[in-house]
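Coordinates in review
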Amino acid sequence: MDKIIIEGGNRLVGEVTASGAKNAVLPLMAASLLVDGWLTITNVPKLRDIETFKILLNHLGSDIETDPGNNILKIRTKDVASPEAPYELVKTMRASVLVLGPLVARFKRARVSLPGGCAIGARPIDLHLKGLKAMGAEIVIEHGYVTVTAEKLKGAKIYMDTITVTGTENLMLAAVHAEGTTILENCALEPEVVCLADALNAMGARITGAGTDTIKIEGVEKLNAVEIRVIPDRIEAGTFMVAAAMTRGNVLIKDCPYKSLDALNMKLREAGAEVIEEEGGVRVIGDWPIRSVDVKTHPHPGFPTDMQAQIMAMMTIANGLSVITETVFENRFMHVSELKRMGADITIDGKCAVVRGVKYLSGAPLMATDLRASASLILAGLVADGKTEVSRIYHLDRGYEKIEDKLRALGAKIDRVKA
Ligand code: EPZ
């Protein structure tokens with residue numbers, strides 16, 4: 001297994017461009033199941049999760065063409081031999097459940113392995129299934145799989161008890177061909193949900209309200225394949241913003257979705273960094289000392305849970321006490337024990353992590369546990385004294401495209417060592 005090795009202490013200076021958003025590409029790939037033509041997705045990053053989803057679509061019967069040089073992905077699904085997402089694939093990537101909605105909508109049946117938990121939490125899909133049931137689907141759970149069948153889904157009014165991003169997306173994908181109108185209430189407002197709704201509307205769907213907590217989907221008979229450009233990845237961009245701020249750097253993050261990062265922008269300014277919207281991107285200038293700030297994660301437009309581990313890395317070397325509260329997932333502090341091995345002073349109390357800033361971190365051999373935790377270990381290595389070695393970086397490769405190359409281009413002393 002590859003490792004990443006970092007020699008800490010360098011300021012990050014220069015320009016970096018955010019890649020396309022992983023969490024926007026995955027639902028768009030699921031949407032390709034709704035049409036029998038070539039759905040073309042551009043600005044697609046090269047990530048492990050996208051490769052996994054390609055394997056799943058191939059397994060279902062889709063044809064896939066890629067032009068990796070130009071970040072283009074073309075998918076055509078003329079027919080699906082067996083609408084089944086096997087355990088071997090779903091267990092590695094929870095987002096596989098996104099095939100449920102489109103398979104039932106177009107092929108009247110889907111059999112998907114229940115995702116099971118993951119490092120950051122139980123992550124059930126009960127709300128996905130509750131919505132499909134409300135639309136008239138029959139749900140059978142046995143042998144670790146859920147089988148969903150419906151001759152024709154019917155529009156329904158569905159209230160989502162918990163704000164769920166893929167739950168909102170799955171039900172939107174299911175409702176586009178339903179008979180009548182579906183109203184989703186208490187929806188996720190994430191930009192990736194809006195990106196999916198925009199793409200479905202371009203394909204001929206009739207969706208209004210995306211980006212608000214109530215989305216209306218009027219069922220239509222047919223959708224057509226189109227070309228869609230994926231929005232930039234706000235979490236990758238945010239990760240580079242934190243990297244600039246904590247290394248006293250000066251970095252322009254190009255293609256950075258400034259507006260969708262308001263909560264992060266505010267926290268970085270509170271911590272003393274300058275966050276300036278410029279032509280084509282956002283510039284972050286780090287200041288010293290870093291001021292300790294409290295952070296509480298919340299569904300969009302709140303502070304993103306996917307940025308919690310990264311801001312915590314920054315708070316470990318701030319000049320006071322920071323309380324970081326994780327409200328979305330029940331076990332998203334896996335990075336804490338590894339940061340403490342670098343000398344960080346962090347105490348976990350339920351949903352809260354109390355971070356007392358220390359003068360410096362010291363480099364150490366570390367182990368990544370999940371996607372964003374691995375990003376926070378990389379950030380900590382950038383400022384630590386000496387050498388940091390992060391293993392199990394396959395977690396990182398799920399959501400960051402060549403992060404070591406992008407950081408090296410900004411002045412970091414960082415390398416990937418092939419196992
Ligand atoms: C999406 O996951 C993202 N993944 C996650 O990004 C992100 O952390 C999360 O939203 C929150 O923003 C993709 O978009 C592919 P949820 P998702 O369903 O949709 C509970 C990353 O780092 N819940 O919004 O799977 C659940 O237990 C990944 O890129 C139910 O109770 O997350 C959790 O507490 C990690 N029942 C909360 O909702 C359900 O049926 C949010 O989960 C569904 C969810």
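A quick note: this is a predicted structure, and the numbers were derived from the prediction, not measured. (Residues numbered from 1 in each chain as written. Predicted model: local features only at pLDDT ≥ 70, side-chain atom pairs only at ≥ 80, totals over all residues. Heavy atoms only, no water.)

Before going further, it helps to examine the packing of aromatic side chains. Note on aromatic pairs: each is described by the distance of the centres and the angle between the planes. In this structure the tally under the stated criterion is zero aromatic pairs. Over the aromatic face of Trp38 sits the side chain of Lys74, whose NZ or CZ is 5.9 Å from the ring centroid. (Phe/Tyr/Trp six-rings, centres within 6.5 Å; stacked < 30°, edge-to-face > 60°. Lys NZ or Arg CZ within 6 Å of the ring centre and 35° of its normal.)

Let us now look at helix H9 (residues 262–270). Considered for burial, the residues of H9 that qualify are Ala263, Leu264, Asn265, Lys267 and Leu268. Contacts made by the buried residues of H9 are with helix H8 (234–246), strand E16 (274–278), strand E18 (295–296) and helix H10 (308–315). The positive-phi residue at the C-terminal boundary of H9 is Gly272, with phi of around 105°. (Buried < 20%, exposed > 50% of the residue type's maximum accessible area, 1.4 Å probe, protein only. Helix = DSSP H or I, 4+ residues; strand = E, 2+ residues; numbered from the N terminus. Contact = heavy atoms within 4.5 Å.)

A separate point is the site of the ligand. Residues in close proximity to the ligand total 23 residues, the closest being Arg94, Asp126, Leu127, Thr166 and Asp306. In the environment of the ligand, an oxygen atom lies 3.0 Å from a nitrogen or oxygen atom belonging to the side chain of Lys22. Here an oxygen atom of the ligand sits 3.4 Å away from a polar atom, N or O, in the side chain of Arg332. Here the ligand loses 89% of its free accessible area of 810 Å² to cover by the protein chains. Those elements giving two or more residues to the shell around the ligand turn out to be helix H1 (22–31), helix H5 (126–134), helix H6 (165–175) and helix H12 (371–383). Element by element, the count of residues in the shell around the ligand is highest for H5, at three residues. For the shell around the ligand, the residue count by class is nine nonpolar, six polar and eight charged. (Near = heavy atom within 4 Å. Polar contact = N/O pair within 3.5 Å; in protein donor to acceptor, adjacent residues only side chain to side chain. Areas by Shrake-Rupley, 256 points an atom, 1.4 Å probe, with all protein chains shown as cover. Nonpolar A, V, L, I, M, F, W, Y, C, P; charged D, E, K, R; others polar.)

The next point concerns the sheet that holds strand E24 (residues 413–417). The strand order across the open sheet built from four strands is E22-E23-E1-E24, with neighbouring strands paired in mixed fashion. Each end of this open sheet is capped by a strand with a single partner; those strands are strand E22 (365–367) and E24. Put simply, the sheet's adjacent strands are angled 20° from each other on average, direction ignored. Where strand E1 (residues 3–7) meets strand E23 (residues 387–391), four bridges bridge the pair, whose relative direction is antiparallel. (Pairing = 2+ DSSP bridges. Axes fitted to C-alpha atoms, helices over the stretch in contact; angles between N-to-C directions.)

Along the polypeptide, Pro102 turns up in helix H4 (residues 100–107). The class of Pro102 is buried, set by a relative accessible area of 0%. C-alpha separation for the pair Pro102 and Ala375, spaced 273 residues apart in sequence, amounts to 32 Å. If we skip the residues at most four places from it in the chain, Pro102 touches Ala30, Leu33, Leu34, Phe107, Asn170 and Leu173.

Considered domain by domain, the protein is made up of domain 1 (2–19 + 232–418) and domain 2 (22–229). Once you take the C-alpha centre of each, domain 1 and domain 2 turn out to be 30 Å apart. The interface of domain 1 with domain 2 comprises 25 residues on the first partner and 21 residues on the second. The junction of domain 1 with domain 2 conceals about 1900 Å² of combined surface from both sides, 52% of it contributed by carbon and sulfur atoms. Of all residues in domain 1, the largest losses of buried area upon contact with domain 2 belong to His300, Arg398 and Glu401, amounting jointly to 32% of the total for that side. For the pair domain 1 and domain 2, the interface holds seven residue pairs in polar contact (both at pLDDT 80 or more). Elements supplying a minimum of two residues to the side of domain 1 that touches domain 2: H12 and helix H13 (394–397). Grouping the constituent residues of the side of domain 1 that touches domain 2 by class yields seven nonpolar, six polar and 12 charged. (Domains from an automatic or database assignment. Buried area = accessible area lost by both parts, 1.4 Å probe.)

Counting through the fold element by element, Glu236 comes out in helix H8. Judged by its relative accessible area of 2%, Glu236 falls in the buried class. Not counting residues within four places of it along the chain, the set of residues in contact with Glu236 comprises Thr17, Ala18, Ser19, Tyr400 and Lys406.

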